[in-house]
Amino acid sequence: MPYRPVSLAEVPPEHPVAVFAASWQEAAKGRGPLPWSGFDPAAHKAVLPWLLLLKRDPAADPALAQSWHYALCGTGCTEIFGGNSEGKAFADGLPPAAVAERLRELARLVDGEGPLFSHSNVPLKGREFLRVFRGAFPFTSGEAPQGVVDHVLYVIARVDERVLQARCAPRAKPGLDAPAPEDGLGAD
């Protein structure tokens, strides 16, 4: 199956992509990208294995593949791709057609769209039999001009993957400190 954009409604609600999307959309409240400083990995334990983080060199052109690199590759992504991508340049080992598709996706995110969802087979030789849902979530850090997307957090998991936890970010228990809702993904 080639890369195909999908709506979130096409992703099962217990799939890691949908679970993270619910949390991201609640934190975004119709705006985006979210501040990277508000992302709290501990609040997203249910989906950590399927996270893949792309970071852009703040001075580089976001349209160029070499401007982006893999900063994090969860264990689920490592299993899907047959290896760990951390520290590698984006597009390293991807076929040209897959690079072009993903650069178009990154351009849409940088232009203010997102999150974006897709369905495809893994575009790597020997891994093509694996079908995945993907979610691409835009973030901005203090390293880029205000509001410019320089972090993209992907959630990528096999189509049949499910998580037991219905939501990512747990509600704070009475008496415990919790981030304020405006802080982003660390709070409900």
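So, here is what we can say about the structure in this document. (Residues numbered from 1 in each chain as written. Predicted model: local features only at pLDDT ≥ 70, side-chain atom pairs only at ≥ 80, totals over all residues. Heavy atoms only, no water.)

## So, the overall build of the protein chain
Working step 1: Scanning the protein chain from terminus to terminus reveals 3 helices and 7 strands.
Working step 2: Looking at the 188 residues of the protein chain, the share that counts as buried comes to 47%.
Working step 3: Counting only contacts in the protein chain whose residues sit at least 6 apart along the sequence, the fraction spanning at least 24 positions is 61%.
Working step 4: For the protein chain, the accessible surface area stands at approximately 9,100 Å², while carbon and sulfur atoms represent 56% of it. (Helix = DSSP H or I, 4+ residues; strand = E, 2+ residues; numbered from the N terminus. Buried < 20%, exposed > 50% of the residue type's maximum accessible area, 1.4 Å probe, protein only. Contact = heavy atoms within 4.5 Å. Areas by Shrake-Rupley, 256 points an atom, 1.4 Å probe, with all protein chains shown as cover.)

## Some details on the environment of F20
Working step 1: Structurally, F20 can be placed in helix 1 (residues 16-28).
Working step 2: C-alpha of F20 to C-alpha of Y154: the two residues are 134 residues apart in sequence and 9.8 Å apart in space.

## Describing the packing of aromatic side chains
Working step 1: One pass over the full model with this rule turns up 8 aromatic pairs.
Working step 2: Aromatic side chains F39 and F139 sit 6.1 Å apart centroid to centroid with 70 degrees between the ring planes, which places their arrangement in the edge-to-face category. Of this pair, F39 sits in the loop between strand 2 (34-35) and strand 3 (51-56) while F139 is found in strand 6 (residues 131-140), placing the two residues 100 residues apart along the sequence. Each of the two residues, F39 as well as F139, counts as buried.
Working step 3: Through pairs of rings, three or more aromatic residues link up here, namely F20, W24, W36, F39, F117, F137 and F139. (Phe/Tyr/Trp six-rings, centres within 6.5 Å; stacked < 30°, edge-to-face > 60°.)

## Some details on the pattern of salt bridges
Working step 1: Scanning the entire structure with this criterion turns up 5 salt bridges.
Working step 2: Residues R102 and E101 are paired through a salt bridge, measuring 3.0 Å at the closest nitrogen-oxygen approach.
Working step 3: For R102, a relative accessible area of 6% corresponds to the buried category.
Working step 4: One salt bridge connects E105 with R134, and the closest N-O pair in it is separated by 2.9 Å. Of this pair, E105 sits in helix 3 (residues 96-110) while R134 sits in strand 6, and the two are 29 residues apart along the sequence. (Salt bridge = Lys/Arg side-chain N within 4 Å of Asp/Glu carboxyl O.)

## Thoughts on unusual backbone geometry
Working step 1: In this model, G114 is joined to P115 through a cis peptide bond whose omega is 5 degrees.
Working step 2: Along the polypeptide, P115 turns up in the loop between helix 3 and strand 5 (116-121).
Working step 3: Backbone geometry places K29, a non-glycine residue, at a positive phi of 45 degrees.
Working step 4: In this fold, K29 is placed in the loop between helix 1 and strand 2.

## Side note on the environment of R31
Working step 1: Among the structural elements, R31 can be located in the loop between helix 1 and strand 2.
Working step 2: The exposure class assigned to R31 is partly exposed, which follows from its relative accessible area of 43%.
Working step 3: In the structure, R31 is positioned 81 residues away from G112 in sequence and 9.4 Å away in space, judged by C-alpha atoms.

## Considerations on helix 1
Helical periodicity: at 3.6 residues per turn, an α-helix aligns residues three or four positions apart in one direction.
Working step 1: Counted at 1.5 Å a residue, the expected span for helix 1 with its 13 residues is 18 Å, and the 18 Å between its end C-alpha atoms agrees.
Working step 2: Most of helix 1 sits inside the fold, with 10 of its 13 residues counted as buried.
Working step 3: Within helix 1, the full set of buried residues consists of P16, V17, A18, V19, F20, A21, S23, W24, A27 and A28.
Working step 4: Next to the buried residues of helix 1 lie strand 2, strand 5, strand 6 and strand 7 (151-158).
Working step 5: Following helix 1 by one or two positions, K29 has its phi on the positive side, about 45 degrees. (Expected span 1.5 Å × (residues − 1).)

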